[in-house]
Each structure stands twice: as C-alpha cells, then as structure tokens.
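# Notes for the structure review
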Amino acid sequence: MSSQIKTDILQGDLYINGKWVSAPDQSYFESLNPATGELVGICAAATKEQVNEAVTNANEAYSQWKNIPIPERAAYLTKAAQLFEKRKEELARVMTMEMGKVLHESLGEIGVVIATAQYMAGEGRRLYGETVPAGFPDRNVRMVREPLGVVACITPWNFPVALASYKIFSALIAGNTVVWKPASEVALSAKIFVEVLDEAGLPAGVVNLITGSGRTVGQTLGEHLDVKVISFTGSTEVGQKLAEMSSKTLKRISLELGGKNAVIVLKDADLDKAADGIVKSAFTTTGQRCTAASRVIVERPVKELLVQKVVELAKSMKIGNGLEEGNQVGPLVNEDQLHTVEKYVKKAIEEGGRIVTGGQRVKKLGGYYYEPTIIENVKPNDTIAQEEIFGPVLAIIEVDSYETAMEVNNGTIYGLSTSIYTESLHYANRAAKEAVSGLVYINNGTSNAEMGVAFGGMKMSGNGHREVSHHVFDVMTEWKSIYTNY
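Anyway, here's the lowdown on the structure attached to this text. Here the residue numbering is sequential within each chain, running from 1 through the sequence in written order. The model is predicted, so local features are restricted to residues of pLDDT at least 70 and side-chain atom pairs to those at 80 or more, both for listing and for counting; the totals for chains, interfaces and linings are taken over all residues. Side-chain calculation: all heavy atoms of the structure are included, whereas hydrogens and water are not.

## Here's the deal with the overall build of the chain
- The helix and strand inventory of the chain stands at 14 helices and 22 strands.
- In summary, the chain has a C-alpha radius of gyration of 23 Å against a globular reference of 23 Å for 486 residues, a match within 12%.
- Taken over the C-alpha atoms alone, the chain extends approximately 70 × 70 × 40 Å along its principal axes.
- When burial is assessed residue by residue, the chain has 56% of its 486 residues classed as buried.
- Two residues form a contact once any of their heavy atoms are found within 4.5 Å. Pairs at least 24 residues apart make up 73% of the contacts formed inside the chain by residues separated by at least 6 positions.
- Accessible surface is estimated by sampling points in the Shrake-Rupley manner with a 1.4 Å probe; for residues, cover comes only from the protein chains shown. Per element, the accessible surface of the chain, about 20400 Å² overall, is 49% carbon and sulfur.
- Computed over 49 positive and 57 negative side-chain charges, the separation of the two mean positions in the chain equals 2 Å. Think of it this way: any DSSP run of H or I at least four residues long counts as a helix, any run of E at least two long counts as a strand, and we number them from the N terminus. To get the radius of gyration, use the C-alpha atoms; to get the globule rule, take the number of residues to the power 0.38 and multiply by 2.2 Å. Buried means the residue's accessible area, taken with a 1.4 Å probe over protein chains only, is under 20% of the maximum for its type, while exposed means over 50%, and partly exposed covers the values in between. Positive residues here are Lys and Arg, negative ones are Asp and Glu, while His and the chain termini are left out of the count. For charged residues, the charge sits on one atom: NZ in Lys, CZ in Arg, CG in Asp, CD in Glu.

Laid out in structure tokens, this is it:
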C-alpha cells in the first residue's frame, strides 16, 4: 500500500456522514484492470477507527431516518434511479475496467440497479402490517414492521452494483441506515454508486462507504455492537466466519453464498435451446457468478450431440477486453482467480476428465484470460463436479435416467440454481419439486432471475433468507405487536 496520491488516475476516498474523507496518513490500495494490468485508480484502505466512525454516524442518523415517512424515503430512491440513468455509461466503463466483464453486461447491470431502485421505492407503499382479531372485548391488536438500525452491506466484485442495490435500497426503504463494504477489486465503481446517492440528497450518515480489507473492515463490522444486520454475498467460507462473528452479538445475518449449479438435459430436450442456455449460463461474466452453470448432467443417448453443439457455440465466443465492441468473454478478475481455474482444470484431468475444448490461458492477450473450457468424462464425485470454481469451466456428466440426474444434481453441498431441459410435463414438474435449489428453471439456463422474485439458495448456498423481492424485509425489519385496550 502507498499513501502517494496521483492526479492522473481515479481516486476513491471514504464516504462518512455525508462527506468524502481521508486521513492525512491514509493508506491506499490499487485497482488494476484485469484485461491489461494497467492502473485504474487508488482507493482508501479504512482503519478500524474509520469503520467505527462510519457505524457511529450511521447509528446517529438512524433515529431521524426511521421517522421520515416511507413515501419520502421512496422519493430518494426514485431520484437515484433517474441519476443512475444519466451516469450509466461512466459507471459501466469503470466497472468493466475494474473487474473485466464486457461492457454490454456492465450496462445491463446498471439497468438492474435502476429497476431495483424503482421496485423498492414502490415497496414503500406496500410495507404492510397486520391486524389480528383480539381475544378480549374492547381491544385492538395490530402488528407493524420496524427497522432494526445499522445494516452492514458486504458485497462481492462480480456484480459490483447490482448486488449492492438489492441490499442498500431494501435497507433504506425499510428505515435502516447503511455502512457498505464493497470488494476491493471494485471500490471505484462503489464510489460512483455512492456519488449518485449523495446527489440524490440522502441525509448525512444514512449511507456510508468504507473500502479496505475484509480482515479490518469486515471483521470490525461483524463484531460491532451497533451493527444490527449483516447482509453478505460471497463465498461460503467467508459467510461461515461472518455468521460466527455475528452470533456473539445476536445480529441478524443474511447470507447469499456459493453454488455448484447444474443444467439437466433429458433425451427429449430441444438440444439447440439447451446448448444456447448452457453456454450463456456457463461463460457469460467469464463464469464468475454464483448462478453460473458449472455442470451439465445429460442423458446418455443425446450426450454426444449436445456436447457437439455446446462446443461449437463456446468456440464461437470472442475473448478480449470488455471495452472493445464485439467481445463476449472478458478476463478473470485477477491473477489469483486465474490460478484457481488452472488448478481445477489440472485436477479434473488427474481424476480422469477429458478436455473437449479450451483448457488454456490466452497468453497473447496479456491479461488474465482463460478459454471457455468443457471437460467430459467427469464423475459425480470428482472435485470439479463438487467444488465451486468461479471461472469458465463446464463439467459434462453422463447419466442413464432422470432419477440419476436429479440424484447427481442434489449431490453437492450447494443448492442455489438448477435448470432442466425437457419436453415432458411430467419430468418438468418432478424437477420443480425434487431439485434441492432455491431457483429452478424449466427450459432455461441457470442465470435468469427477475425483479420481484425471491432470490437465494438452500443448503450451503445460503441461510434461508431471500433478496430481490418483498421477502427481503424479513431481514431488514422485525415485527412489533401492539395491543390497545379502550
């Protein structure tokens, strides 16, 4: 880390109590473009004292923010949606430079942010309570939703602003205040996001941005007495640590974690549609998404033809810098992620897997590029069929029946997203019932969520909470029961 500030690059400071701040001796870390290795900018590495300051200010702002009428809180989100529209080109470019996804995906992600702001503004009119028939004469009984206080939002780098919007906007409309810790790889994108909220006029302290290491920022938030909720998206391992930290202060915690998602293809499926859905699910965002398809479980009679179609589509995908028009697959986010992918491919070969296409780093491009890779002859319990890779690697598993396919699908520690391609109403409905997954898609890939539909996973893919829909208020509010005798 270096405290030397350059004027010709982007700089991200901390946003605390409505102001952009840094200490005289502030340390900074670099944000590098994974496509080129070039420096995008520098970002402040918060100290524990600065994290505590952000929480203190958020806690103080909470007492006023929770009492603002909900329609007024909604107006801030509506204004933010308008401002995001004006800055979407700028924000999309910075996102692509920081984490590598192709530009049209970054633009699409900002569309999700805008839709989320509008949706949550609408939810301000639907934060309904309940009335309950009283068991005594001359009594009214009602239940209302109450905000909890300071919400710590901890978000990953693969969807730098969409996942933040799910958490932050639902927290705000419910009456909570926010301290946001984004992944360090996308701290400059987070800065622009918060600039928009600042321009929308949010009162000081309602949203605070703290960048820096998980060890300092994440742990401080996880243990802080005044943080009442943790909303986290990331790896299962980190989620487990946060859950352990939060248990000491009885925080509410929402975890959206990893996946080992499968596309089941039965012998009666439309193979062209299946191949298209598989490739889009497996290789867009360079496979770096929690809902990415990393397994194809296919009935033996159609395996060869399906693989042929998937390979043809995968080979046609253009790899390169996400800022250049026409590219479909960008780089992996950093060198560590590249090495992780290489390690898993090597392990798959050692365990008997056979590479059909890909399997190599694209060295001529200079960044952290890896070919879309398809590996067949994979057994259900092989490492590559069990562990999350977070890269453009797809394992092909052959089975003899639907029953075996579903057994293989459910045979991991994860349960986020399952897809099945079939023309059979019988098997489609069985899959919807039998897949141990928070998301089930019939004749669609594994990554195609919609606004207003509960999003989250089962087993080690989460802890039962949901985002994107009104069900998020089970995390962001708590119930108060009010008895009135008259």
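## Structural notes on the layout of surface pockets
- Here the term cavity refers to a set of points on a 1 Å grid, laid over the protein atoms alone, in which a 1.4 Å probe fits but cannot get out; the term pocket refers to an open set having protein on both sides within 12 Å along at least five of seven lines, with lining residues being those that place an atom within 4 Å of a point. Grid points are joined across faces, edges and corners, and a volume is the space filled by probe spheres set on the points. Quantified by volume, the largest pocket comes out at close to 1200 Å³.
- If you trace the largest pocket, you find 42 residues lining it, with W157, F232, G234, S235 and V238 closest to the centre.
- At the level of secondary structure, the elements contributing two or more residues to the lining of the largest pocket comprise α6 (214-223), β11 (227-233), α7 (236-247) and α10 (335-350).
- No other element matches α7, which puts 6 residues into the lining of the largest pocket.
- Gly is placed with the polar residues, together with every amino acid not listed as nonpolar (Ala, Val, Leu, Ile, Met, Phe, Trp, Tyr, Cys and Pro) or charged (Asp, Glu, Lys and Arg). Its residues assigned to classes, the lining of the largest pocket comprises 17 nonpolar, 17 polar and 8 charged.
- When its volume is computed, the second largest pocket comes out at roughly 970 Å³.
- F159, R289, S447, N448 and A449 are, among the 37 residues lining the second largest pocket, the residues nearest its centre.
- In terms of residues, the lining of the second largest pocket owes the most to one element, helix α8 (residues 271-283), which gives 6 residues.
- The residue inventory of the lining of the second largest pocket, partitioned by class, reads 15 nonpolar, 14 polar and 8 charged.

## Overview of the nonpolar core
- Within the largest apolar cluster, 58 residues are counted, with the highest numbers of intra-cluster contacts made by F84, I168, F169, L172, W180, F193 and L197.
- Residue contributions to this core peak at 10 residues, all from helix α2 (residues 70-99).
- With residues near it in sequence (within four places) discarded, W180 still touches C153, T155, P160, A164, I168, A190, F193, V194, N208, L209 and I210. We call a set of buried Ala, Val, Leu, Ile, Met, Phe, Trp, Tyr and Cys residues a nonpolar core when their side-chain atoms join them within 4.5 Å.

## Considering the packing of aromatic side chains
- Two aromatic rings, drawn from Phe, Tyr or Trp (for Trp, its six-membered ring), form a pair once their centres lie within 6.5 Å of each other, and the interplanar angle then sorts them: stacked below 30 degrees, edge-to-face above 60, tilted otherwise. Scanning the model with the defined rule gives 7 aromatic pairs in all.
- Consider the rings of Y402 and Y427, whose centres lie 4.9 Å apart with planes at 35 degrees: the pair is tilted. Pair noted here: Y402 is in helix α12 (residues 402-409) and Y427 is in helix α13 (residues 425-434), with a separation of 25 residues, a long-range link.
- Given the relative accessible area of 2%, Y402 is considered buried.
- Of the residues examined, Y427 reaches a relative accessible area of 27% and is grouped as partly exposed.

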